[in-house]
Structures are given as C-alpha cells and as structure tokens.
Amino acid sequence: MLKLGIVGLPNVGKSTLFNALTSAKAEAANYPFCTVEPNVGMVEVPDPRLDALAKIVQPKRTVPAVVQFVDIAGLVKGAADGEGLGNKFLQNIRETDAIVHVVRCFEDPDVTHVMGAVNPVRDREVIEFELALSDLGAVEKRLDKVKRASRTGEKEALAELPALEKANAVLTEGRALWHAKLTADEIATLAPLQLLTIKPVLYAANVTDHELAGDEGPHIKALRDAIAASDEHAEVVPFSARIEAELAELPPEDRKEFLASLGLESAGLDRLIRAGYHLMGLQTYFTAGEQEVRAWTIHRGDAAPQAAGVIHTDFERGFIRAETIGFDDFIANDGWKGAKEKGVVRSEGKEYIVKDGDVLLFRFNV
C-alpha cells in the first residue's frame, strides 16, 4: 500500500484536498492551524481494469488497491523549532513513502497567505528548510551515539558513520538530503531513521479552474522551473482544490460529466495517484477467483515470489510457480477457462518479472 504524507503552509488547500480525496470531512477554514491532529484517510485506487475483470469472473467481492493519505497541520517558518504547531506533527508522516507538498499557485484576495504574497518557489524552500531541520534532529541524535560506538572499533558503527556525517553536513545547512546525492547504500543505511527529505516529493500545485483546463500561469511555471533546475526526485501535479471539493459532493455517475464540462479528462485524485505510482516505481497486478477479484500493488521489477509475498509471506516462502496471463488476454478469452483452452496461460517460475496488469494465480507449499 502506498502511503503519502501531505504537507504545506497554512491556507494552501491542504485540508480541502484531503477532504476531497478521502471524504473524511476534516475541518477546513481560512486561518492557520485548523488541523490540530493528523487526519488519516484511505483512498481506493481508481482502475477500470478491476471492473472489467469482475464483470467476467463475477466474484463475491471486488477489492481495489488503496492509498493512505496522512494530513498534518500547516507548517510555518520555524516549525522545526516549535513555531506554530511545531515539529511533533512531522513525526506523523515519517512512515510514509512519499511527501505530497501542496503549494498555492493561485491568486485570491479573499484567501490570506500566511507569508503575504503568493510565491510557490519561496514556499517550497520554506517547507524544505523545516523538513531538513526536523531531519537534522534525528541525524544528530543518531550520529552522537554512533560516534561513541565507533571509538571502540564497533564494525557496524564504523560502517554507518560516513553516511550519517554526509547527511549531517547537508542538513546543518538547512538543505534537503537530495542535495547530498546519496548512494543507494547510504540511503539504505539511513532508512531506519525515516528521514523526511530522502522521500520523493509530489508537488500538488493548487491552481485556478482556468489554468487547470488551459494554459498554466506564472506561479506553476516558476515552480516547475525551480524543480527542473534541481536534482530533486519530484513531480508536479496541477489540481484545483475547489473542483475536487465539488467532485466529492457529486454521485460517482455524475463526476465524469462534470469534468467533461470543465474540459478535464480526470480528477486531481486520479492524477495524484498515477503520479505517486510513477514516482515510486509502482505497478498493479491482479488475482481473480470466485471469492474475490483484487488489485495488488508492487514495485516495477519485482519477481513473482516478491509479488506473492504481498499477499502473504507464506506465498513467497513456499513459492512454486505462478499461473500467469496478461490482462488483455484474460479479457479477450473471457477468463481463466477460455484462456487455458486457448493455451495463453503461462506457468512462470521464480525468475519471472511481473508486468503491470498481469493476472496471477500462485502455487505454493509451506
């Protein structure tokens, strides 16, 4: 399951986005700090392939993949030192896979900006600085402990020390860890600390309805240019908090028509989730039986046993083989029975790399 933590300055559309995404009805108001406890919501991953599979299989239940969103209080300059609601709320998003940074890219005299003028590039830097200072506290604490251990010649401490010192040097300057160009081994070494500025970032750019359906304005262009000029592992997803809020109030059957009337093909939720999957290198495979048709989330490049392990560790431990068929072939042959009769179901072993849309039936023994 993909877990996304939502951050941003006050009054940029964070809680409005969260409400729209999860229909959790978290409080939204035109003043800072209206979110005083983290809101957690589960969102179904929209995937029309799931309905197509269910139509053929007629299972007892259909289970989509889900994304977890965690929304925390709006951060302000000085949050890492306790300003506003302070650093403690950042702890609530340390276990997430990626950060959704909601950035205001629209002008509206009726909605105050906590720092005055609308400037998404400045806002990005403010949040980066606060997240970096939060990470610095965690790194300094660990570094002190590892330094003491390394003096006694402890091998694990000596191995961990260089990565911590490299991270500390960058964070001390108030810069995110993507500036450090960490190696895969260094990232793995720092992983237990759940550092925020190692995580990939989705910039959810809150724009006007007109910009969403037409030409982008100067604010979002400036944000894109700033990210393009950096080495940050990030993507920009334009959305309109107002449109998302209206969509959330409509019955599902009316949403497509509403989007079409605005010249839009998909909701902000769909684009945000797709971008999250792309950013994190995720894909979907399916299981399809009489009991249930279900979508499962794995990483691109995962082999069949790893994919099986997402269902249950026993599946991976006792993996024998995977009966495999692509989604298109499954649909074209009207399910397992027709596909087997046509000979398009393959038996794949431990080396098989699962593809997006594969329909799998695992054989295992423990």
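The preceding data block contains the structure.
First, a word on scope: everything that follows refers to the structure included in this document. The model shown is predicted, which means the values in this text are computed figures rather than measured ones.

## Structural notes on empty space enclosed by the protein
Then comes step 1: Evaluated as defined, the whole model comprises two cavities of 30 Å³ or more.
Then comes step 2: Taken as a whole, the largest cavity encloses approximately 120 Å³ of empty space.
Then comes step 3: Forming the walls of the largest cavity are 15 residues, and the residues nearest its centre are Glu128, Leu131, Val201, Tyr203 and Glu232.
Then comes step 4: At the level of elements, strand 5 (98-104), helix 3 (120-150) and strand 6 (201-206) are the ones that each hand at least two residues to the lining of the largest cavity.
Then comes step 5: It is helix 3 that contributes the most residues to the lining of the largest cavity, four residues altogether.
Then comes step 6: For the lining of the largest cavity, a count of residues per class yields nine nonpolar, two polar and four charged.
Then comes step 7: Taken together, Val45, Asp47, Leu50, Pro64, Ala65, Tyr277, Thr284 and Ala295 form the lining of the second largest cavity.
Then comes step 8: Each residue belonging to the lining of the second largest cavity can be placed in one class, and the counts come to six nonpolar, one polar and one charged.

## Quick look at unusual backbone geometry
Of all residues except glycine, most have a negative phi; of all peptide bonds, most are trans.
Then comes step 1: Unusually for a residue other than glycine, Gln194 sits at a positive phi of about 50°.
Then comes step 2: By secondary structure assignment, the location of Gln194 is in the loop between helix 5 (184-190) and strand 6.
Then comes step 3: Of note in this structure, Asp334 is not a glycine but carries a positive phi near 60°.
Then comes step 4: With respect to the element layout, Asp334 can be found in the loop between helix 13 (327-332) and helix 14 (336-342).

## Regarding the sheet that holds strand 1 (residues 2-7)
Then comes step 1: One open sheet holds the six strands; their spatial order is 2-4-1-5-6-7, and the pairing between them is mixed. Strands with a single pairing partner mark the edges of an open sheet, and in this sheet they are strand 2 (39-44) and strand 7 (234-239). Within this sheet the neighbouring strands show an average axis-to-axis angle of 25°, counted without direction.
Then comes step 2: Bridge count between strand 1 and strand 4 (residues 66-71): five bridges; the pairing is parallel. By the bridge assignment, Leu2 is partnered in strand 4 with Val67.
Then comes step 3: Strand contacts of helix 7 (residues 218-228): strand 5, strand 6 and strand 7, with the helix running at about 170° to strand 7, the strand carrying the most contacts.
Then comes step 4: Its contacts with the sheet place helix 10 (residues 268-280) against strand 1, strand 2, strand 4, strand 5, strand 6 and strand 7, and it is angled at close to 175° to strand 7.

## Looking at the packing of helix 3 against helix 4 (residues 155-172)
A pair of packed helices is characterised by two quantities: the angle between their axes and the separation of those axes.
Then comes step 1: Running from amino to carboxyl end, helix 3 crosses helix 4 at an angle of 150°, the nearest separation of the two axes being 9 Å. One finds that helix 3 runs roughly antiparallel with respect to helix 4. By crossing handedness, the relation of helix 3 to helix 4 is classed as left-handed. The segment helix 3 lies against helix 4, with Ala132, Leu133, Asp135, Leu136, Val139, Glu140, Arg142, Leu143, Val146, Lys147, Ala149 and Ser150 engaging Ala157, Leu158, Glu160, Leu161, Leu164, Glu165, Asn168, Leu171 and Thr172.
Then comes step 2: Class assignment for the residues of the contact of helix 3 with helix 4 results in 12 nonpolar, three polar and six charged.

## Concerning the pattern of salt bridges
Then comes step 1: Across all of its chains, the model carries 19 salt bridges by this definition.
Then comes step 2: One salt bridge connects Lys181 with Asp231, and the closest N-O pair in it is separated by 2.8 Å. In this pair, Lys181 is assigned in the loop between helix 4 and helix 5 and Asp231 in the loop between helix 7 and strand 7, connecting sequence segments 50 residues apart.
Then comes step 3: Overall, Lys181 belongs to the exposed group, its relative accessible area being 55%.

The rules behind these values
Residues numbered from 1 in each chain as written. Predicted model: local features only at pLDDT ≥ 70, side-chain atom pairs only at ≥ 80, totals over all residues. Heavy atoms only, no water. 1 Å grid on protein atoms, 1.4 Å probe; cavity = no way out; pocket = protein on both sides within 12 Å on 5 of 7 lines; lining within 4 Å. Points joined across faces, edges and corners; volume = space filled by probe spheres on them. Helix = DSSP H or I, 4+ residues; strand = E, 2+ residues; numbered from the N terminus. Nonpolar A, V, L, I, M, F, W, Y, C, P; charged D, E, K, R; others polar. Pairing = 2+ DSSP bridges. Axes fitted to C-alpha atoms, helices over the stretch in contact; angles between N-to-C directions. Contact = heavy atoms within 4.5 Å. Parallel < 35°, antiparallel > 145°, perpendicular 65-115°, else oblique. Left-handed = near helix turned anticlockwise from the far one by under 90°. Salt bridge = Lys/Arg side-chain N within 4 Å of Asp/Glu carboxyl O. Buried < 20%, exposed > 50% of the residue type's maximum accessible area, 1.4 Å probe, protein only.

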